[in-house]
Amino acid sequence: MYKTRKRAVLISINVLTIICFIGACLLLLPQKTSEGFSWITLLVAFIVFFATVFWGNRFRSFLMAKVRKDTLETGETVILNDFIDRLRFCYSLDDFYVVIGDVLEKQGDCSVLLIDRTKNYILYNSPNRTSTSETVRNKLDQHFTESWPEGFYFFDRHIGVTTNYRKARGFFMCCDGYHLYVFCRYTRLFDLDVYKRLYEEYKRFVSRSRTITTLSEISATTKEWEQLAETQQSFLPQKIPNIPKLKIATYYRPLVNVSGDYFSILPIDSSKTLLMLGDVSGKGLPAALIMGLVMNTVKIIEDKEDLVGVLHAIDKAIKGMHLQDKYTVLFLSIVDTEKMRIRYINASMSDPIILSPSPDGYRIKPLTSNASLIGILDVGDVTVAEKRLFRGDTILMATDGVSEVMDDSGVELGDTDIYKKTLMAGAAKEPQQMVDDIVDLIMKYNGDKKLHDDVTMMIAKVGY
């Protein structure tokens, strides 16, 4: 549709330009005399020609932009365009699953199935009737084998390949043994030209994720990466400092030897302590480099009570590395056990909370985000938030590797009642006991599967 309209606009504008030029010449140019055209006549002809071409090009650009907006940037096609834009920043299958959920499932109401045909293993399926149906999977296994040619295709309601785009009930893409099936009842409403772009971006993602996976596997087995991991862990606190009226416990488990997760505990004086926990985007060496950079920046900065200044210093340091698409989310706070206050900046961390005792049990007080991603966006004006603390309050900081652990049905731990109950029960215990309870829950909830992300948390109990 887009190419058809684009071609129609180009032809129409060219024809219209010629007609306008001829008409203008007939109206503006004087009749030929016996001595031929004068210099003035030729000058007018040139002016008319260039004016016609100039305004014709301006009008063509305007119409081309309108055609693009009407076909690719409005209506249902926006969903696939958003998916393509998000796919560009996916580096792992876990990133891919998040984009599928956010765009294709929530925004597009599609059902998605991702199968590794070389291993005949289902990597992802949407939790609905279509993608979990054995009948549907059997048909896919029969129709689309491992040897299926790479490319993108449409299938009908019988899950067979169709060339009739109007009867399509979904599409699928094959690349390097990965088959991605998208079931969508309104497939016919997507502009046809978006599929080629989608497939090309999907190919780049598959290649990119396989490369990163290979590097991660190498990093888990080679001595050089083990040495790097040891160096990286030296940036982290080697033991929890003894702080009056503040008990702290931590947990740190990298997915592979090196990690993008980090935390820091830095006493400022007898009553004030800086607590920080964060997560760098992506995996592997680039994430490890940013992690070390952040830790070193915070360690050497003089005025640690100036949280805004600390945040800007971290942002400047990351941007100075010029590593494409690298950023960090982090929670930066000062706990004051004398004034019983916590001052904090939450730069897009999703999980920080305070569990506060009350007559009815424990109340959850979220420490909501008040700053953007650090290292990739313009930080802008940041206001330090502040909350009152009470004796017995428990502060929980965790990376998304804790709450986003999934069970076999794809439900995240952070969305379950058992996670909330574990937090409520653990808030009455010592911080280390609470950490142990959460770790046990993560392992049981994840089952025998390999974890897909680093797991890091810090728990601080106030007033004891």
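See the structure shown above.
Here we summarise the structure given alongside this text. One numbering rule holds for all chains: residues counted from 1, following each sequence as written. A pLDDT threshold of at least 70 governs which residues receive local features in this predicted model, and a stricter bar of 80 or more applies before side-chain atom pairs are shown or counted, although totals over entire chains, interfaces and linings include all residues. Hydrogens are left out, water is left out, and the side-chain values use all remaining heavy atoms of the structure.

A word on the overall build of the protein chain. Helix and strand assignments come from DSSP, with helices taken as H or I runs of at least 4 residues and strands as E runs of at least 2, each series counted from the N terminus. A tally of regular secondary structure across the protein chain gives 13 helices and 15 strands. Classification of residues uses two cut-offs on accessible area relative to the type maximum, computed with a 1.4 Å probe and protein chains only: under 20% is buried, over 50% is exposed, and between them is partly exposed. For the protein chain, the residues scored as buried account for 45% of the 464 residues in total. Any two residues whose heavy atoms approach within 4.5 Å are treated as being in contact. Taking as baseline every contact in the protein chain between residues at least 6 positions apart, the subset at least 24 positions apart corresponds to 66%. Surface accessibility in these figures is a Shrake-Rupley result with a 1.4 Å probe; residues are shielded only by whichever protein chains are displayed. As displayed, the protein chain offers around 24,300 Å² of accessible surface, 55% of which is attributable to carbon and sulfur atoms.

Together, R157, R166, K167, R169 and R188 line one region of the surface with positive charge. Mapped onto the secondary structure, R188 falls in the loop between β5 (178-183) and α7 (194-221). In this analysis, a patch consists of residues with relative accessible area above 30% that form no salt bridge, clustered at 9 Å for like charges and at 5 Å for the nonpolar side chains Val, Leu, Ile, Met, Phe, Trp and Tyr. For salt bridges, the criterion is a side-chain nitrogen of Lys or Arg within 4 Å of an Asp or Glu carboxyl oxygen. His is not counted here, nor are the chain ends, while Lys and Arg score as positive and Asp and Glu score as negative. Charge positions are represented by NZ for Lys, CZ for Arg, CG for Asp and CD for Glu.

Take G160: it is sitting in the loop between β3 (151-155) and β4 (170-175). Each C-alpha atom of the pair G160 and K139 lies 8.4 Å from the other, and the pair is 21 residues apart in sequence. Setting aside residues no more than four positions away along its own chain, G160 makes contact with H143, F154 and F155.

Orientation is described by lines fitted to C-alpha atoms, with helices fitted over the stretch in contact, and by angles between N-to-C directions that extend from 0 to 180 degrees. Contact geometry of helix α9 (residues 284-300) with helix α10 (residues 307-321) gives a least axis separation of 10 Å together with a crossing angle of 145°. Viewed along their axes, α9 and α10 form a crossing whose handedness is right-handed. Of the residues in α10, those in contact with L289, I290, L293, V294, T297 and V298 of α9 are V310, A313, I314, A317, I318 and M321. Charged residues are taken to be Asp, Glu, Lys and Arg, nonpolar residues to be Ala, Val, Leu, Ile, Met, Phe, Trp, Tyr, Cys and Pro, and polar residues to be all remaining types, Gly included. For the contact of α9 with α10, a count of residues per class yields 11 nonpolar, 1 polar and no charged. Definitions for this section: a left-handed crossing has its near helix turned counterclockwise from the far helix by less than a right angle. A right-handed crossing has that turn clockwise.

One way to put it is that helix α3 (residues 77-87) packs onto helix α4 (residues 93-107) with a least axis distance of 10 Å and a crossing angle of 170°. The orientation of α3 with respect to α4, classified from their angle, is roughly antiparallel. Between α3, through I79, L80, D82, F83, R86 and L87, and α4, the contact on the second element is made entirely by F96, V98, V99, I100, D102, V103, L104 and Q107. A breakdown of the residues in the contact of α3 with α4 according to their chemical character gives 10 nonpolar, 1 polar and 3 charged. Orientation categories follow fixed angle ranges, with anything under 35 degrees roughly parallel, anything over 145 roughly antiparallel, 65 to 115 roughly perpendicular, and all other angles oblique.

With that out of the way, let us pick up the pairing of β3. For a regular strand, side chains alternate in direction, first toward one face of the sheet and then toward the other. Within β3, 4 of the 5 residues are buried, leaving the element largely enclosed by the surrounding structure. Two strands pair under a simple rule: DSSP has to find at least two bridges between them. The sheet contact formed by β3 and β4 spans 5 bridges and is antiparallel. Bridge assignment links F155 to a residue of β4, and that residue is G170.

Here we come to the nonpolar core. Among buried residues, those of type Ala, Val, Leu, Ile, Met, Phe, Trp, Tyr and Cys that are joined through side-chain atoms within 4.5 Å constitute a nonpolar core. Ranked by size, the top nonpolar core spans 48 residues in total, and within it Y262, M276, I314 and I395 carry the most contacts. Discounting chain neighbours no more than four positions away, the residues touching M276 are Y262, F263, S264, V294, M295, V298, I314, F331, L332 and M458. Of all hydrophobic cores here, the second largest spans 35 residues; its members include F96, V99, Y178 and V194.

Together, L285, L289 and M321 make up a nonpolar patch on the protein surface, roughly 230 Å² of accessible area in all. Within the secondary structure, M321 is located in helix α10. Overall, M321 belongs to the partly exposed group, its relative accessible area being 32%.

This part is about the sheet that holds strand β13 (residues 385-388). Overall, antiparallel pairing links the 5 strands, which are arranged β7-β8-β9-β10-β13 in an open sheet. Every other strand in the sheet has two partners, leaving β7 (261-267) and β13 as the edge strands with one partner each. Mean inter-strand twist for the sheet, computed between neighbouring axes without regard to direction, equals 15°. Pairing analysis gives 7 bridges linking β7 to strand β8 (residues 272-280), with the strands arranged antiparallel. Within β8, the residue paired with D261 across the bridge is D279.

Counting buried residues in β7 gives 5 out of 7 residues, a clear majority hidden from the surface. As consecutive antiparallel partners, β7 and β8 are separated by 4 residues.

Further remarks concern the sheet that holds strand β14 (residues 394-398). The 5 strands are arranged β6-β15-β14-β11-β12 in an open sheet whose pairing can be described as antiparallel. Either end of the sheet is taken by a strand with one partner, and the two such strands are β6 (246-253) and β12 (361-366). Between one strand and the next, the sheet's axes are offset by a mean angle of 20°, whatever the strand orientation. Inspection of the sheet shows β14 paired to strand β15 (residues 455-462) by 5 bridges, in the antiparallel sense. Within β15, the position partnered with I395 by the bridge is A460.

Another point: the pattern of salt bridges. Taken as a whole, this structure holds 14 salt bridges when the rule is applied. A salt bridge links E201 to R204, with the nearest nitrogen and oxygen atoms 2.8 Å apart. Taken together, the residues E201 and R204, both in helix α7 and 3 residues apart, mark about one turn of the helix. One salt bridge in this structure joins K429 and D437, with 2.7 Å as the shortest N-O distance. Salt bridges sharing common partners tie together D85, R88, E201 and R204.

Even without a glycine there, the phi angle at D109 is positive, about 55°. One can find D109 in the loop between α4 and β1 (111-116). Residue class for D109 comes out partly exposed when judged on its relative accessible area of 47%.

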